[in-house]
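Close look at the chain arrangement
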Amino acid sequence: MNAPLQGHTASNPRHAANAFDTLLQVEQVSLEYRTPQRVVRATHEVSFEVDRADRFVVLGPSGCGKSTLLKAVAGFIEPVAGSIRLDGTQVREPGPDRIVVFQEFDQLPPWKTVRQNVMFPLLASRTLGRREAEERALHYLDKVGLAAFADAYPHTLSGGMKARVAIARALAMQPKILLMDEPFAALDALTRRKMQEELLRLWEEVRFTLLFVTHSIEEALIVGNRILLLSPHPGRVRAEINSHQFDLHSLGGVAFQQTAQRIHRLLFDEDGEGGSGAELGFHDIRIAY
Ligand SMILES: Nc1ncnc2c1ncn2[C@@H]1O[C@H](COP(=O)(O)OP(=O)(O)O)[C@@H](O)[C@H]1O
Ligand SMILES: [Mg+2]
């Protein structure tokens, strides 16, 4: 790992430990799948830290281990090396403090209404009694603009609306961290953009901590305030950058395009082994490998 670039040491939490409120610490995490025939290493010694209220994006090409990493943070997969800590406690199993929203919105049971879908995890985890669960469900359905659809069944909703139900259901659990695995990938381009906007608006309102996985550079720049770039086979940290200056309004702008191109080069430039973020012209890079 190279030293942090000049002038940006202060923005690196590893160098200003108390200036940031670290929630999630992923340290040197290697993840593997073992089949009788072979061992697939999905990530290799991946480290990053997510601060409270971060919109932290893990970006990388398909197969670089993003989903595996998210599942490990969720507690479904145990690292073969390294450690994952949430609020200082080692992650060992799934828990209501980490809720995952997947790409497949058909995870909503079709026989339950929208309201019942949002209430279900609250009841199943015994987080709340029926009355409080209903109140909380309606509160978050209102936040995602679906109060009028509380009694609708999922099959009557559009893809974007199902995505909102999934988000309301996750937020209603008030997890310490919301984990999203390419949540908008199955949506058409316009709905996807709308959902990115909605997610940012919700974040402004609720200020939850988000760990968001995507293979879209554009989506990473829009959604994230920090982006971890992973290179594939196995997934390794290539760089981590600040991206808080970009949002939907930056789309198509020169700075946005240039940053997207630089990220593309960082991810795919095979000859770029020695090419640090500095050489690629990043002004805001935090660490470069
Ligand atoms: N259940 C599994 N068994 C074996 N290998 C797997 C399994 N799931 C994923 N992999 C492999 O692990 C690597 C990382 O996969 P994944 O985390 O799904 O990547 P991403 O989400 O970035 O596309 C890939 O090489 C993939 O083929
Ligand atoms: Mg994936």
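So, here's what we can say about the structure. (Residues numbered from 1 in each chain as written. Chains lettered and ligands numbered in written order. Predicted model: local features only at pLDDT ≥ 70, side-chain atom pairs only at ≥ 80, totals over all residues.)

**Quick look at the sheet that holds strand β1 (residues 22-34)**
If you walk across this open sheet you meet the four strands as β2-β1-β4-β5, and the pairing is antiparallel. Strands at the two margins of the open sheet, each flanked by one partner only, are β2 (39-51) and β5 (89-90). Alignment of strand β4 (residues 81-86) against β5, held across two bridges, turns out to be antiparallel. When the bridges of β5 are listed, R85 appears paired with Q90. Packed on one face of the sheet, helix α1 (residues 66-74) meets β1, β2 and β4 and runs near 120 degrees to β1. (Pairing = 2+ DSSP bridges. Helix = DSSP H or I, 4+ residues; strand = E, 2+ residues; numbered from the N terminus. Contact = placed C-beta atoms within 7 Å. Axes fitted to C-alpha atoms, helices over the stretch in contact; angles between N-to-C directions.)

**A short note on the packing of helix α4 (residues 159-172) against helix α5 (residues 189-206)**
Put simply, α4 and α5 touch, their axes get as near as 10 Å, and they point 25 degrees apart. Taken together, the axes of α4 and α5 are roughly parallel relative to one another. Here α4 and α5 pass one another in a crossing that is right-handed. Residues G159, G160, A163, R164 and L171 of α4 pack against T191, K194, M195, E198 and V206 of α5. Residues belonging to the contact of α4 with α5 are distributed by class as follows: four nonpolar, three polar and three charged. (Parallel < 35°, antiparallel > 145°, perpendicular 65-115°, else oblique. Left-handed = near helix turned anticlockwise from the far one by under 90°. Nonpolar A, V, L, I, M, F, W, Y, C, P; charged D, E, K, R; others polar.)

**With respect to the environment of G160**
Within the secondary structure layout, G160 lies in helix α4. A count of 17 C-beta atoms within 10 Å places G160 in the partly exposed class. A C-alpha to C-alpha distance of 8.3 Å links G160 and K194, two positions 34 residues apart in sequence. Each residue touching G160, except ones within four places of it in the same chain, is listed here: L187, T191, K194 and M195. (Buried ≥ 20, exposed ≤ 12 C-beta atoms within 10 Å, placed from the backbone.)

**Focus: the pairing of strand β10 (residues 236-242)**
Taking burial as the measure, the seven residues of β10 include five buried ones, the bulk of the element. Where strand β9 (residues 226-231) lies against β10, six bridges are found, and the strand directions are antiparallel. By the bridge assignment, L229 is partnered in β10 with A239. Hairpin remark: β9 followed by β10, antiparallel, with four residues in the connecting loop; positive phi at H233, about 55 degrees.

**A closer look at unusual backbone geometry**
The residue after H233, namely P234, is reached through a cis peptide bond having omega -15 degrees. With respect to the helices and strands, P234 occurs in the loop between β9 and β10. Here E182, not a glycine, exhibits a phi torsion of approximately 45 degrees, which is positive. Within the fold, E182 resides in the loop between β7 (177-181) and α5. A tally of 20 C-beta atoms within 10 Å means that E182 is categorised as buried. Positive phi outside glycine occurs at H233, with the angle close to 55 degrees. By secondary structure assignment, the location of H233 is in the loop between β9 and β10.

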